[in-house]
Amino acid sequence: GGPWEQWFGRMVLTTKPGQHRSIDINIKENLLHVNTSQMMRSDFRTLDVTAGADLPGKGSHRVKLAGFHEVVPHGFLGHQIQFRKVRLRDRFQRECVEVAGGVLHFAVCSSPSTEYHGNLRHLSIKYAHLDLVVYHATDWKGVTGLLPEL
């Protein structure tokens, strides 16, 4: 990709200020070379997801979430969080972190770069990125961070 192409490789979901909890979503590096033969069917193939908490006086605690079988308690971010596989017409398996709450329902999904196909299909995987899909929002005033600017 050229300098005019900008893709998200990482998104961090956080709680309200002072609560210090987050879910860090990254597109896996070197997707072209990920060996899936040793992975369980429920493992993430395109995403690296980490849940974390910064506890004042106790340091940071991070847990890597391995796959779709993982459960994030509702109280962790104050929203329901589920992991889903989505397969469209192409062969690239999209993986999504879906977040639903009272004011906002959205998903962060891995996605190939659709500009590349045919003989350049390997570039669609090389430049895979994260897409943000907002399904429903009732009150944008309650949403903070970068999301309202997008």
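Heads up: the structure comes first, above all this text.
Thoughts on the packing of aromatic side chains
Scanning all chains against the criterion turns up 3 aromatic pairs. Judged by centre distance (5.0 Å) and plane angle (65 degrees), the rings of Phe 44 and Phe 68 are edge-to-face. Taken together, the positions of Phe 44 in the loop between strand E2 (21-27) and strand E3 (47-55) and Phe 68 in the loop between strand E4 (59-65) and helix H1 (74-77) put the pair 24 residues apart, joining distant regions of the chain. Accessibility expressed as a relative area gives 16% for Phe 68, which makes it buried. Measuring from ring centre to ring centre gives 5.9 Å for Tyr 116 and Tyr 127, while their planes differ by 35 degrees; the resulting arrangement is tilted. With Tyr 116 in the loop between strand E7 (104-111) and helix H2 (121-126) and Tyr 127 in the loop between H2 and strand E8 (129-137), this pair connects stretches of sequence that are 11 residues apart. Residue Tyr 116 is classed as buried on the basis of its relative accessible area of 17%.

Looking at the state of the cysteines
Evaluated as defined, the whole model comprises 1 disulfide. Covalently, Cys 96 is tied to Cys 109 through a disulfide, its sulfur atoms 2.1 Å apart. Classification of the bridge connecting Cys 96 and Cys 109 rests on its S-S torsion, roughly 110 degrees, and on that basis the disulfide is right-handed. Here Cys 96 is found in strand E6 (residues 93-100), whereas its partner Cys 109 is found in strand E7, with 13 residues between them in sequence. Both residues of the pair, Cys 96 and Cys 109, count as buried.

Comments concerning the environment of Asn 26
Summarising the element assignment, Asn 26 is placed in strand E2. For the pair Asn 26 and Arg 10, spaced 16 residues apart in sequence, the C-alpha separation works out to 4.4 Å. Residues contacting Asn 26, with those up to four places away along its chain left out, are Gly 9, Arg 10, Thr 46, Leu 47, Asp 48 and Leu 130. In this structure the side chain of Asn 26 is engaged in a polar contact, spanning 3.1 Å, whose partner is the side chain of Asp 24.

Rules and cut-offs
Residues numbered from 1 in each chain as written. Predicted model: local features only at pLDDT ≥ 70, side-chain atom pairs only at ≥ 80, totals over all residues. Heavy atoms only, no water. Phe/Tyr/Trp six-rings, centres within 6.5 Å; stacked < 30°, edge-to-face > 60°. Helix = DSSP H or I, 4+ residues; strand = E, 2+ residues; numbered from the N terminus. Buried < 20%, exposed > 50% of the residue type's maximum accessible area, 1.4 Å probe, protein only. Disulfide = S-S within 2.5 Å. Contact = heavy atoms within 4.5 Å. Polar contact = N/O pair within 3.5 Å; in protein donor to acceptor, adjacent residues only side chain to side chain.

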